[in-house]
Amino acid sequence: MNWSFQLYSARNFLPWDKVLKMLGETGYRQVEGFGGVYDDPRSFRAELDRNGLSMPTAHFSIEALEGDFDGVRRVADALGVGLLVCPYLEPDARPADGAGWRGFGERLAKAGEAAQKAGYGFAWHNHDFEFKPLPDGSMPLEHILSAAPDIGWEIDVAWLVRGGADPLSWIDRHGRRIAAVHVKDIARPGEGADEDGWSDVGHGILDWARLLKLLRAKTPARHFILEQDNPNDVERFARRSIAAVKAC
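Keep in mind that this is a model prediction, so the values were computed, not measured. (Residues numbered from 1 in each chain as written. Predicted model: local features only at pLDDT ≥ 70, side-chain atom pairs only at ≥ 80, totals over all residues. Heavy atoms only, no water.)

### Focus: the overall build of the chain
Then comes step 1: The helix and strand tally for the chain stands at 10 helices and 10 strands.
Then comes step 2: Residue burial in the chain is summarised as follows: out of 248 residues, 54% are buried.
Then comes step 3: Within the chain, contacts between residues at least 6 apart in sequence are counted, and of these 74% link residues at least 24 apart.
Then comes step 4: Accessible area for the chain stands at about 10800 Å²; split by element, carbon and sulfur atoms hold 48% of it.
Then comes step 5: Averaging the positions of the 30 positive and the 37 negative side-chain charges in the chain gives two centres separated by 5 Å. (Helix = DSSP H or I, 4+ residues; strand = E, 2+ residues; numbered from the N terminus. Buried < 20%, exposed > 50% of the residue type's maximum accessible area, 1.4 Å probe, protein only. Contact = heavy atoms within 4.5 Å. Areas by Shrake-Rupley, 256 points an atom, 1.4 Å probe, with all protein chains shown as cover. Lys, Arg positive; Asp, Glu negative; His and termini not counted. Charge placed at Lys NZ, Arg CZ, Asp CG, Glu CD.)

### A look at the sheet that holds strand β7 (residues 178–183)
Then comes step 1: Taking strand neighbours around the barrel as the criterion, the eight strands line up as β1-β2-β3-β4-β5-β6-β7-β10 in a closed arrangement whose pairing is parallel. Ignoring strand direction, the axes of neighbouring strands in this sheet form an average angle of 30 degrees.
Then comes step 2: Pairing of strand β6 (residues 152–156) with β7, which is carried by four bridges, proceeds in the parallel orientation. Residue I155 lies in a different strand from β7, and its bridge partner there is V181.
Then comes step 3: Across the sheet, helix α5 (residues 98–117) is in contact with β4 (83–86) and β5 (121–125); its angle to β5 comes to roughly 155 degrees. (Pairing = 2+ DSSP bridges. Axes fitted to C-alpha atoms, helices over the stretch in contact; angles between N-to-C directions.)

### Topic: the packing of aromatic side chains
Then comes step 1: This model, assessed by the stated rule, comprises 14 aromatic pairs.
Then comes step 2: Between F5 and F237, the ring centres sit 5.9 Å apart and the planes meet at 55 degrees, which makes this aromatic pair tilted. Separated by 232 residues along the polypeptide, F5 in strand β1 (residues 3–6) and F237 in helix α10 (residues 234–246) bring together distant segments of the chain.
Then comes step 3: With relative accessibility at 0%, the residue F237 sits in the buried group.
Then comes step 4: Between F131 and W170 the ring centres are 5.0 Å apart and the planes differ by 90 degrees, which places this aromatic pair in the edge-to-face class. (Phe/Tyr/Trp six-rings, centres within 6.5 Å; stacked < 30°, edge-to-face > 60°.)

### Things to note about the nonpolar core
Then comes step 1: Counting residues in hydrophobic clusters, the biggest one holds 76 residues, and the most contacted among them are L7, L23 and L84.
Then comes step 2: Excluding anything up to four places from it in sequence, L23 contacts F5, L7, Y28, V31, L53 and A238.
Then comes step 3: Counting five residues, the second largest nonpolar core, distinct from the first, contains L83, V85, A123 and I225. (Core = buried A, V, L, I, M, F, W, Y, C linked by side-chain atoms within 4.5 Å.)

### Describing the pairing of strand β2 (residues 30–33)
Then comes step 1: The two faces of β2 match: Q30 and E32 on one face and V31 and G33 on the other face are all buried.
Then comes step 2: The handedness of the β1 to β2 crossover, carried by helix α1 (residues 16–26), is right-handed.
Then comes step 3: Bridging between β2 and strand β3 (residues 54–59) involves three bridges; their strand directions are parallel. Of the residues in β3, the one forming a bridge with Q30 is S54.
Then comes step 4: What joins β2 to β3 is helix α2 (residues 41–50), and the crossover it makes is right-handed. (Right-handed = clockwise from strand over helix to strand, strands pointing away.)

### Describing the pattern of salt bridges
Then comes step 1: Applying the stated rule across the entire model yields 12 salt bridges.
Then comes step 2: Here R45 ties to D49 by a salt bridge, and the two come within 3.3 Å at their closest N and O atoms. Taken together, the positions of R45 and D49, both in helix α2 and four residues apart, correspond to about one turn of that helix.
Then comes step 3: Accessibility expressed as a relative area gives 47% for D49, which makes it partly exposed.
Then comes step 4: Residues joined in a network through salt bridges with shared partners are D156, K184, E227 and D229. (Salt bridge = Lys/Arg side-chain N within 4 Å of Asp/Glu carboxyl O.)

### Quick look at the side chain of H223
Then comes step 1: Mapped onto the fold, H223 is located in strand β10 (residues 223–226).
Then comes step 2: The exposure class assigned to H223 is buried, which follows from its relative accessible area of 8%.
Then comes step 3: In this view, H223 contacts Q30, P56, T57, L83, A179, A180 and V181; residues no more than four positions away in its chain are not counted.

### Comments concerning unusual backbone geometry
Then comes step 1: The peptide bond linking L14 to P15 adopts the cis configuration, its omega dihedral lying at 15 degrees.
Then comes step 2: Topologically, P15 is positioned in the loop between β1 and α1.
Then comes step 3: In this model, D196 sits at a positive phi of 55 degrees, which is unusual for a non-glycine residue.

So, to be careful, I would describe these as geometric facts and stop short of saying anything about function.
Written as structure tokens, this is what we have:
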């Protein structure tokens with residue numbers, strides 16, 4: 001399996017040429033892009049090539065997908081991206097009820113149609129807010145998935161757990177929708193205070209050996225992307241995390 005690395009994890013450890021060199025030397029062969037690396041995609045692609053890396057998946061905002069899809073295509077094509085992932089919705093834009101979340105799901109469905117017509121895969125990436133019960137007891141993610149039945153889901157298991165949900169149940173019910181996986185870990189009690197409560201993969205509270213076995217069995221996911229939202233040492237995170245998942 002080719003393990004990927006979400007470049008957002010390294011945003012505080014630039015320059016990018018040094019980061020990509022470290023990732024290639026650490027054993028990664030894929031990375032996932034985010035908005036911070038799209039300024040000069042051709043040059044960035046050359047740096048990826050130089051270090052034996054590819055970028056099969058990348059994050060693009062809902063604003064870019066709806067307002068500048070041609071720009072998204074130019075970036076994606078320059079970088080070799082095949083799966084476009086919409087990653088976030090700002091707090092002030094989040095609906096307060098099921099109807100609002102279904103409306104957002106319909107927006108994602110339209111973005112997914114455009115992506116699929118252009119030859120890309122498309123998925124939504126969760127955080128924790130999609131698992132906070134609405135006044136009627138339903139979950140935002142259920143509304144998103146039901147209103148956009150043809151899009152995929154890039155599951156972030158650690159955010160799901162932080163949202164108070166059971167990953168096993170969600171994987172069991174929606175595994176066929178899971179196109180990619182964010183492999184991330186939550187720090188043990190008393191640890192990770194300076195890393196927003198996150199941990200190197202395999203060194204926190206999540207049973208990744210069990211989760212990876214389940215995800216491989218229950219989903220068609222081909223991309224497993226290691227991420228830590230705020231590491232204090234990106235090289236340590238990259239090295240320890242890939243070693244842990246390779247041992248699973």
